[in-house]
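Structure assessment
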Amino acid sequence: MSGTGAGMPAQTGSRRLMWDALPPAVRKQFELLVGQRVVAAVSQPGGFSEGLAVRARLSDGSGVFVKAAHVLTAPAEASHHRQEIAISQRLPIDAPVPRLLHVHDDGEWVALVFEEIPGNLPAQPWQRDDLDRVLAAISDLVNALTPAPIDASLPALPRLGGWADLTQPVVRERLRALSGWAADHLDDLVALESGADVAGSTLLHGDLYPFNLLLTPDRVVVIDWPHAWIGAPFCDLVTLLSSARLSGVDPQPIVESHPLTRGAGREQIDGLLALHSGFLLRGAVSAGPDADPNIVAMMTALGLASVHWLADRWPTTK
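Note that the structure is a prediction, hence the values are computed from the model and not measured.

Let us now look at the overall build of the protein chain. Across its full length, the protein chain carries 10 helices and 9 strands. In summary, the protein chain has a C-alpha radius of gyration of 20 Å against a globular reference of 20 Å for 318 residues, a match within 12%. C-alpha extents for the protein chain along the principal axes are approximately 60 × 40 × 40 Å. Looking at the protein chain as a whole, 53% of its 318 residues qualify as buried. The long-range fraction of contacts in the protein chain, counting pairs at least 24 apart against all pairs at least 6 apart in sequence, stands at 72%. Carbon and sulfur atoms form 53% of the exposed surface of the protein chain, whose accessible area is close to 13,700 Å². Positive and negative side-chain charges in the protein chain, numbering 24 and 35 respectively, have mean positions lying 2 Å apart.

Put into structure tokens, the structure is as follows:
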């Protein structure tokens, strides 16, 4: 570790839907789907869904994890759920991911029922033992998902890039309030992201942060797959390491020694950092007054972590 960072900011969106807020007919439909009554449902920390995200205890003593969203009140989340259904149904059985048990989509509500994983989110700030476990697990994940087990037309476009949208003077000044370095190097960042090379044949998670990981006594399980895309095998690792900077972790020695990044060119890592930070900071700078403040805070923190790492590397990139 290098420093004493605080880790990730508050990890849960402020607009979660509680189980009791579901219409009775929807709760009944869910119970018919799993064949049991729900005797307890606890909303889960982590992530930013505007829909339901609960661990449900069933009348036979078993448990499941349930996600659900309404297509009108949370259209983006419902769309993500449909995308996650398509991805999860095609993940190989040996991949370290939760099994999708049931799906419900009546055109109004979209719901997914996963096996319950008896694990916890990694503590923040990162503990070295936990981080080492996850770094090793990412290699196993890449091995299981290379070549990608899905058709290239199935994933959505990766959530990358955005510096070119911040070049207008007014927007650039908003960026400057977050990062003077990024504002001063904006033209360089636009050029770097436009020439980035992240092509590959690995199915990537696309959102690999601590709130999408569950640690069990013997496994690291990667959850929430709506943003998967196909690309270079090092991309998820770099994403995770950029967030680990928030815990005071120096990612540079890791990226220089990890098997997934040892063979990557310097320009590839820099290009990905530009793409990653550009997407996040564009979202943070462009957020309107109705945006979830927790999401904006998270995008800002993660975007700045990536751009600060890139700034540290900058003398070697010129």
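Our next topic: the packing of helix α6 (residues 186-194) against helix α9 (residues 266-286). Packing of α6 against α9 leaves a shortest axis separation of 8 Å and a crossing angle of 115 degrees. For the element pair α6 / α9, the angle class is roughly perpendicular. Regarding α6 and α9, the two cross each other, and that crossing is left-handed. The segment α6 lies against α9, with Leu-189, Leu-192 and Glu-193 engaging Asp-270, Gly-271, Ala-274 and Leu-275. A class-by-class count of the residues in the contact of α6 with α9 yields 4 nonpolar, 1 polar and 2 charged.

Below, the discussion takes up α9. It helps to recall that an α-helix has 3.6 residues per turn; residues three or four apart then point in one direction. Between its first and last C-alpha, α9 extends 30 Å over 21 residues, near the 30 Å set by a 1.5 Å rise per residue. With 15 of its 21 residues buried, α9 lies for the most part within the structure.

What follows is about empty space enclosed by the protein. Scanning the model with the defined rule gives 1 cavity of 30 Å³ or more in all. Lining the largest cavity are 13 residues, and of these Val-26, Phe-30, Ala-68, His-104 and Ala-111 lie nearest its centre. At the level of secondary structure, the elements contributing two or more residues to the lining of the largest cavity comprise α1 (24-34), β3 (63-70) and β5 (109-115). At 5 residues, the largest contribution of residues to the lining of the largest cavity is made by α1. When its residues are assigned to classes, the lining of the largest cavity shows 10 nonpolar, 2 polar and 1 charged.

So, about the sheet that holds strand β4 (residues 100-105). An order of β1-β2-β3-β5-β4 is seen for the 5 strands of this open sheet, with the pairing classed as antiparallel. Two strands in the sheet have a free side with no partner beyond their single neighbour: β1 (38-43) and β4. Between one strand axis and the next, the sheet turns by 25 degrees as a mean value, whatever way the strands run. Alignment of β3 against β5, held across 7 bridges, turns out to be antiparallel. Bridging across to β5, Ala-69 finds its partner in Val-110. The strands touched by α1 within the sheet are β1, β2 (52-58), β3, β4 and β5, with β4 carrying the most contacts at an inclination of about 140 degrees.

Right, let's get into the nonpolar core. Among the nonpolar cores identified, the biggest contains 60 residues, and Trp-163, Leu-175 and Trp-225 are the most heavily contacted of them. The element contributing the most residues to this core is helix α3 (residues 128-144), with 8 residues. Core analysis: the second largest hydrophobic core is formed by 15 residues, Trp-19, Val-54, Val-64 and Trp-109 among them.

Moving on: the packing of aromatic side chains. Taken as a whole and judged by the stated rule, the model has 3 aromatic pairs. With a centroid separation of 5.1 Å and an interplanar angle of 85 degrees, the aromatic rings of Trp-181 and Trp-314 are classed as edge-to-face. Residue Trp-181 is found in helix α5 (residues 180-184), and its partner Trp-314 is found in the segment after α10 (293-313); the two are separated by 133 residues along the sequence. Residue Trp-181 is classed as partly exposed on the basis of its relative accessible area, which comes to 23%. Residue Trp-314 is classed as buried on the basis of its relative accessible area of 10%. Seen from their ring centres, Tyr-209 and Phe-211 are 5.4 Å apart, and the 45 degrees between their planes marks the pair as tilted. When sorted by exposure, Tyr-209 lands in the same class as Phe-211, which is buried.

Parameters and conventions
- Residues numbered from 1 in each chain as written.
- Predicted model: local features only at pLDDT ≥ 70, side-chain atom pairs only at ≥ 80, totals over all residues.
- Heavy atoms only, no water.
- Helix = DSSP H or I, 4+ residues; strand = E, 2+ residues; numbered from the N terminus.
- Rg over C-alpha atoms; globule rule 2.2 N^0.38 Å.
- Buried < 20%, exposed > 50% of the residue type's maximum accessible area, 1.4 Å probe, protein only.
- Contact = heavy atoms within 4.5 Å.
- Areas by Shrake-Rupley, 256 points an atom, 1.4 Å probe, with all protein chains shown as cover.
- Lys, Arg positive; Asp, Glu negative; His and termini not counted.
- Charge placed at Lys NZ, Arg CZ, Asp CG, Glu CD.
- Axes fitted to C-alpha atoms, helices over the stretch in contact; angles between N-to-C directions.
- Parallel < 35°, antiparallel > 145°, perpendicular 65-115°, else oblique.
- Left-handed = near helix turned anticlockwise from the far one by under 90°.
- Nonpolar A, V, L, I, M, F, W, Y, C, P; charged D, E, K, R; others polar.
- Expected span 1.5 Å × (residues − 1).
- 1 Å grid on protein atoms, 1.4 Å probe; cavity = no way out; pocket = protein on both sides within 12 Å on 5 of 7 lines; lining within 4 Å.
- Points joined across faces, edges and corners; volume = space filled by probe spheres on them.
- Pairing = 2+ DSSP bridges.
- Core = buried A, V, L, I, M, F, W, Y, C linked by side-chain atoms within 4.5 Å.
- Phe/Tyr/Trp six-rings, centres within 6.5 Å; stacked < 30°, edge-to-face > 60°.

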